[in-house]
Amino acid sequence: MTDTSYTPLPVARIAHYHAHVYFHDAAERERAAVLRDQVAERFTVQLGRWRDTPVGPHHLPMYQIAFARDQFAQLLPWLMLNRQDLTVLVHPNTDNPRRDHGVHGLWLGAVLPLKLDILPESNADEAPEIIQPNTTPSLTP
Ligand code: ZN
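Note that the structure is a prediction, hence the values are computed from the model and not measured.

(A) Region of the structure containing the packing of aromatic side chains. On inspection of all chains with the given rule, the structure shows six aromatic pairs. Considering the side-chain rings of Phe 23 and Trp 50, the 5.5 Å spacing of their centres and the 65° angle between planes classify their relative orientation as edge-to-face. Of this pair, Phe 23 sits in the loop between β1 (16-22) and α1 (26-42) while Trp 50 sits in the loop between β2 (46-47) and β3 (62-67), placing them 27 residues apart in sequence. Three or more aromatic residues joined by ring pairs form one cluster here, namely Tyr 17, Phe 67 and Phe 72. Residue placement shows Arg 29 over the ring face of Trp 50; its charged tip is 4.0 Å from the ring centre. The ring of Tyr 63 carries the charged tip of Arg 36 above its face, separated from the ring centre by 4.9 Å.

(B) Structural detail: the coordination of the zinc ion. His 18 (ND1), His 20 (NE2) and His 91 (NE2) make up the full set of protein donors to the zinc ion, lying at 2.0 to 2.2 Å. For the zinc ion, all donor residues lie on one chain, and their spacing in sequence is H-x1-H-x70-H. Of this pair, His 20 sits in strand β1 while His 91 sits in strand β4 (residues 88-93), and the two are 71 residues apart along the sequence. Judged by its relative accessible area of 2%, His 20 is buried.

(C) Quick look at the sheet that holds β3. Judged by pairing direction, the sheet is antiparallel, and its five strands sit side by side in the order β2-β3-β1-β4-β5 without closing on themselves. Looking at strand neighbours, the two that pair on one side only are β2 and β5 (106-108), the edges of this open sheet. Where β4 and β5 come together, three bridges link them in antiparallel fashion. When the sheet's bridge partners are listed, Leu 89 is paired in β5 with Trp 107. Lying over the sheet, α1 contacts β1, β2 and β3, oriented at roughly 15° with respect to β3. Its contacts with the sheet place helix α2 (residues 72-82) against β1, β3, β4 and β5, and it is angled at close to 40° to β5.

(D) Up close: the environment of Glu 121. Within the secondary structure, Glu 121 is located in the segment after β5. Taking the relative accessible area as the measure of exposure, Glu 121 reaches 54% and is therefore exposed. When the C-alpha atoms of Glu 121 and Asp 100 are compared, they prove to be 9.3 Å apart, with 21 residues separating the residues in sequence. Among all residues touching Glu 121, those that are not within four sequence positions of it are Asp 95, Asn 96, Pro 97 and Arg 98.

Thresholds, definitions, all that
- Residue numbers restart at each chain and count upward from 1, following the sequence in its written direction.
- Owing to the predicted nature of the model, reporting of local features is limited to residues with pLDDT of at least 70; listing and counting of side-chain atom pairs is limited to 80 or more, with chain, interface and lining totals taken over all residues.
- Note that the side-chain values use all heavy atoms of the structure and ignore hydrogens as well as water.
- The aromatic pairing rule takes the rings of Phe, Tyr and Trp, using the six-membered ring of Trp, and pairs them if the centres are within 6.5 Å, calling planes under 30 degrees apart stacked, those over 60 edge-to-face and the rest tilted.
- In this description a helix means any DSSP run of H or I spanning at least four residues, a strand means any run of E spanning at least two, and both kinds are numbered starting from the N terminus.
- Lysine NZ or arginine CZ positioned within 6 Å of the ring centre and within 35 degrees of the ring normal marks a charge as sitting over the ring.
- Each metal site lists N, O and S donors within 2.8 Å (3.2 Å for Na, K and Ca). With water left out of the atoms, a site can look as if it is missing ligands.
- Three exposure classes are used, based on accessible area relative to the maximum for each residue type with a 1.4 Å probe and protein chains only: buried under 20%, partly exposed in between, and exposed over 50%.
- Any two strands with at least two DSSP bridges between them are considered paired.
- We call two residues in contact whenever any of their non-hydrogen atoms come within 4.5 Å of each other.
- Only the stretch in contact is used when fitting a helix axis, every axis being a line fitted to C-alpha atoms; angles between N-to-C directions are given from 0 to 180 degrees.

This is the structure:
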């Protein structure tokens, strides 16, 4: 697909990021729990609650890590090295949730299907999501 009229989006459109850590079964959930603790020990992020049943556009259980732009350069490579074979979707948050999940995101591990049709193409009329870190890291990534 080539759209010659496409205007590049400025990076400033990214308010923050999400990383969704998926798990299929109890063994993967255990690894996801270890990963969650390790992230909390190393990064200033907002850890979302466990979602043991699929929610929103996600077909698998998961939890979300929300993080500010200044965490990206450290957290992404750390997840590359330490995701313990779990599938992780990292996506930016602009004002277009459907594109953020379906086009702008990157996958560590398998690419999983998403229910993109339930996501709006604009959330400009919603209150912006504010990241409120709930970790107190003590270790260097
Ligand atoms: Zn998300």
